[in-house]
Amino acid sequence: MKWLGNVLVSPGEGGVYGERTLEGYRVWDPYRSKLAALYTLGGGIELTPEIRVLYLGAANGTTASHVADYVETVYAVEFAPRPMQDLLEVARRRRNIVPIMADASRPEEYAPFMEAVDLVYQDVAQPNQVEIAERNLAFLKPGGHLILMLKTRSVDVRRDPAEVLAEARAGLERRLDVADVRWLDPYHQDHTAIVCSRRG
Amino acid sequence: MLQRYWFGDVDEEGCRAAGTDPAALAERAAALRTGMDSFVPIDWEVARDCGVVRTREEYVDLLRSVCTTLARKKIALSYQGRDVELLQMVRMLDELDNVINLLQERAAEWYQVTNPSFSRKYRSLPAKKMLGIIRKGARGGLSDAAEEIDRLAGTRSRLMREVSARADEVMPNTSALIGGLVAARLLSKAGGLPALARMPGSTIQVLGSERALFSHLRGGTPPPKHGIIFQHRRVHNAPKPVRGRVARVLAAKLAIAARLDYYRGEAVPEFLKDAQARIDEAGVEAS
């Protein structure tokens, strides 16, 4: 992946959401994108030109557009109509984004469009985030990776984020190997990135 | 094992392609349901061998146009509900309230500076009267602004009637219980009729008092008795000792009303009669 000094950037056509450009590259801001925060903090899975990604909770497609700059194909799943309209516009300009309007917790709705992917990236504001991840493992190749952006506040605002994380981690370890866990401070509060790999 | 994919059906014997027209493929794909237990992810080369596409690029392109067509349809469908526009109408109404209040306050501040005799006494006048005084007394920008605020107020009251009428039509049962305006505000807070219809009464009761609710859940403070439904006269006119009970009973009936509105879409007189009686009964203080 491309770094200019310590600024993460991605190659591709700019002007997706008013992002800055630097030497012709699009700046990928860790304060806006949780995935960029994870990379900036030294974690994450290297995005390479041959990998295929399933992106759950693509929203307006800002982070998805950066991911698409690096990888072969992005399957971008989003459920809400308003952000979907923006995502469709992003997908129109990037030929490797497949926009799917569906509920990430109901993979049977979009399974007929899915091939096996190397990376599942999940960023959804739902209380049952771990369960959603589990249901989507059917699309992940053995040895492939899952990056789960755990929004502890979406799971339960009343509980201590660390406790929520411990429970999520235990849930994921039923079927995955947890490789790395990082809090996204100072970029995002009460968010943790959990990087897992699927047993081969 | 037969696998049904967006481009066709595949089993041990081979593959039956479903054509290459994105619109037709989208229509077919919309009806597909997959059991996740037996699901095998697509190998795009099957689509190539099937004759649907020739290259990986073509595969992704065709898939994209099918998915985009499907998404467009789903978006259109989700905006089609009569409640969707009502939602925007209420939100506009509430924003207008905010804006009018802000502007009015500023106009009064300004006028007070130019006119020392404009004291607190005038401030407690009804807004319309106060604006009239400012309009006549002031000159230039301030007078123009006052006129503009007046016009906004007119827009607001017309919109309010419109909201009320639309709510009566979209959610007849709920509106009959608490009035169109408050019903519409509940709808806006819930995020739509389907969402409101799926809420329990206890949630409806405290919609709009999230701050008090979460401060209660975090510990310490007493729970809120009512949120938006406080705006309904039977709640805010109720004597304090029974206000919580009225709010609770009303909210419970609203939950039923919202479901009737969503799933039946018409007023149900028998239900309304019983519900109204029950709510009135809750407001009677025990002697």
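What counts, and where the lines are drawn
Residues numbered from 1 in each chain as written. Chains lettered and ligands numbered in written order. Predicted model: local features only at pLDDT ≥ 70, side-chain atom pairs only at ≥ 80, totals over all residues. Heavy atoms only, no water. Helix = DSSP H or I, 4+ residues; strand = E, 2+ residues; numbered from the N terminus. Rg over C-alpha atoms; globule rule 2.2 N^0.38 Å. Buried < 20%, exposed > 50% of the residue type's maximum accessible area, 1.4 Å probe, protein only. Contact = heavy atoms within 4.5 Å. Pairing = 2+ DSSP bridges. Axes fitted to C-alpha atoms, helices over the stretch in contact; angles between N-to-C directions. Salt bridge = Lys/Arg side-chain N within 4 Å of Asp/Glu carboxyl O. Core = buried A, V, L, I, M, F, W, Y, C linked by side-chain atoms within 4.5 Å. Polar contact = N/O pair within 3.5 Å; in protein donor to acceptor, adjacent residues only side chain to side chain. pLDDT = per-residue confidence, 0-100. Phe/Tyr/Trp six-rings, centres within 6.5 Å; stacked < 30°, edge-to-face > 60°. Lys NZ or Arg CZ within 6 Å of the ring centre and 35° of its normal. Expected span 1.5 Å × (residues − 1). Buried area = accessible area lost by both parts, 1.4 Å probe. Disulfide = S-S within 2.5 Å.

(A) Seen up close, the overall build of chain B. Along chain B, the regular secondary structure elements total 15 helices and three strands. Taken over the C-alpha trace, chain B has a radius of gyration of 28 Å; the compact-globule value for 287 residues is 19 Å, which it surpasses by more than 25%. Along the first, second and third principal axes, the C-alpha set of chain B runs to 90 × 60 × 40 Å. Out of the 287 residues in chain B, the part that is buried amounts to 40%. If you take every contact in chain B between residues at least 6 apart in sequence, the share linking residues at least 24 apart comes to 58%.

(B) Structural detail: the sheet that holds strand β1 (residues 3–5) of chain B. Residue and element names in this part refer to chain B. Judged by pairing direction, the sheet is antiparallel, and its three strands sit side by side in the order β1-β2-β3 without closing on themselves. Edge positions in the open sheet fall to β1 and β3 (14–17), since each of these has one partner strand only. Taken over all neighbouring pairs, the strand axes of this sheet differ in orientation by 15 degrees on average, direction set aside. As paired strands, strand β2 (residues 8–11) and β3 are joined by four bridges and run antiparallel to one another. Among the inter-strand pairings, V10 is bridged to a residue of β3, identified as C15.

(C) Region of interest: the pattern of salt bridges. Counted under the stated rule, the structure contains 37 salt bridges over all chains. Linking D49 of chain B and R48 of chain B is a salt bridge whose minimum nitrogen-to-oxygen distance equals 3.5 Å. Since its relative accessible area comes to 33%, R48 of chain B is described here as partly exposed. Several salt bridges share partner residues, and in doing so they unite E19, R26, D69 and R94 of chain A into one network.

(D) Summary view of the sheet that holds strand β3 (residues 21–22) of chain A. All names here are of chain A. Here we have four strands laid out as an open sheet, ordered β1-β2-β4-β3, and antiparallel in their pairing. Two strands lie at the open edges of the sheet, namely β1 (2–4) and β3, each paired on one side alone. In this structure, strand β2 (residues 7–10) lies alongside strand β4 (residues 25–27), joined through two bridges in antiparallel fashion. Within β4, the position partnered with V9 by the bridge is V27. Of the strands in this sheet, β1, β2 and β4 touch helix α2 (residues 62–70), which is tilted by about 75 degrees from β2.

(E) Spatial organisation of the nonpolar core. Counting 53 residues, the largest nonpolar core has I100, Y110, F113 and L172 of chain A together with W6 and Y59 of chain B as the members making the most contacts within it. For this core, the element with the highest residue contribution is helix α3 (residues 56–80) of chain B, accounting for seven residues. If we skip the residues at most four places from it in the chain, L172 of chain A touches V130, A133, L146, L148, V178, I194 and C196 of chain A. Formed by 46 residues, the second largest nonpolar core is a distinct cluster that contains L181, L196, I229 and A257 of chain B.

(F) Expanded view of the environment of D103 of chain A. All names here are of chain A. When you line up the elements, D103 lands in the loop between β7 (97–101) and β8 (117–122). Remark: the alpha-carbon pair of D103 and L56, spanning 47 residues in sequence, is separated by 8.9 Å. Engagement of the side chain of D103 in a polar contact is seen with the side chain of S105, the distance being 2.8 Å.

(G) Region of the structure containing the confidence of the model for chain B. Residues and elements named next belong to chain B. Mean pLDDT over chain B works out to 90, with 98% of the residues at or above the 70 mark. Put simply, helix α5 (residues 120–123) is where chain B has its lowest mean pLDDT, 69, and helix α8 (residues 172–178) is where it has its highest, 95. Reported for the predicted complex are a pTM of 0.77 and an ipTM of 0.93.

(H) Expanded view of the packing of aromatic side chains. Per the counting criterion, the structure on display carries 11 aromatic pairs over all chains. Ring plane angle 80 degrees and centroid distance 5.5 Å describe the contact between F139 of chain A and F39 of chain B, whose orientation is recorded as edge-to-face. Of this pair, F139 of chain A sits in the loop between α4 (129–135) and β9 (140–151) while F39 of chain B is found in the loop between α1 (22–30) and α2 (44–49), placing the two residues in two different chains. Three or more aromatic residues link up through ring pairs in this structure, and these residues are Y5, W6, F7, W44 and Y59 of chain B. If you follow R48 of chain B out to its NZ or CZ, it ends over the ring of W44 of chain B, 5.4 Å from the centre.

(I) Seen up close, helix α4 (residues 82–114) of chain B. With 33 residues, α4 of chain B ought to run about 48 Å at 1.5 Å a step, and its terminal C-alpha atoms sit 49 Å apart, in line with that. Burial in α4 of chain B covers these residues: D83, L86, L87, M89, V90, L93, L96, I100, Q104, A107, A108 and Y111 of chain B.

(J) Expanded view of the pairing of β2 of chain A. All names here are of chain A. Where β1 lies against β2, three bridges are found, and the strand directions are antiparallel. Across the sheet, the residue bridging to L4 is V7, located in β2. Linking β1 back to β2 in an antiparallel pair, the connection comprises two residues, with G5 at a positive phi of about 65 degrees.

(K) Structural view of the interface of chain A and chain B. Contact with chain A, which involves 31 residues of that partner, is made by 32 residues of chain B. For the pair chain A and chain B, the summed buried surface comes to about 2,700 Å²; carbon and sulfur atoms form 61% of the total. Together, R95, P112 and F113 of chain A form the three largest contributors to the area buried by chain A at its contact with chain B, with a combined 24%. Summed over the shared surface of chain A and chain B, the number is three salt bridges. In this structure, D61 of chain B and R95 of chain A form a salt bridge, with 2.4 Å as the shortest nitrogen-oxygen distance.

(L) Structural detail: the state of the cysteines. Residues and elements named next belong to chain B. Within this structure, the stated rule accounts for one disulfide over all chains. Across the disulfide, C15 is cross-linked to C50 (sulfur-sulfur distance 1.7 Å). Between C15 and C50, the disulfide has an S-S torsion of -70 degrees and is therefore left-handed. Of the two residues, C15 sits in strand β3 while C50 sits in the loop between α2 and α3, which places them 35 residues apart along the sequence. Among the residues examined, C15 registers a relative accessible area of 29% and is labelled partly exposed. The exposure class assigned to C50 is buried, which follows from its relative accessible area of 18%. You can see C67 has no disulfide; the closest cysteine sulfur is in C50, sitting 17 Å from it. Its relative accessible area of 2% is what places C67 among the buried residues.

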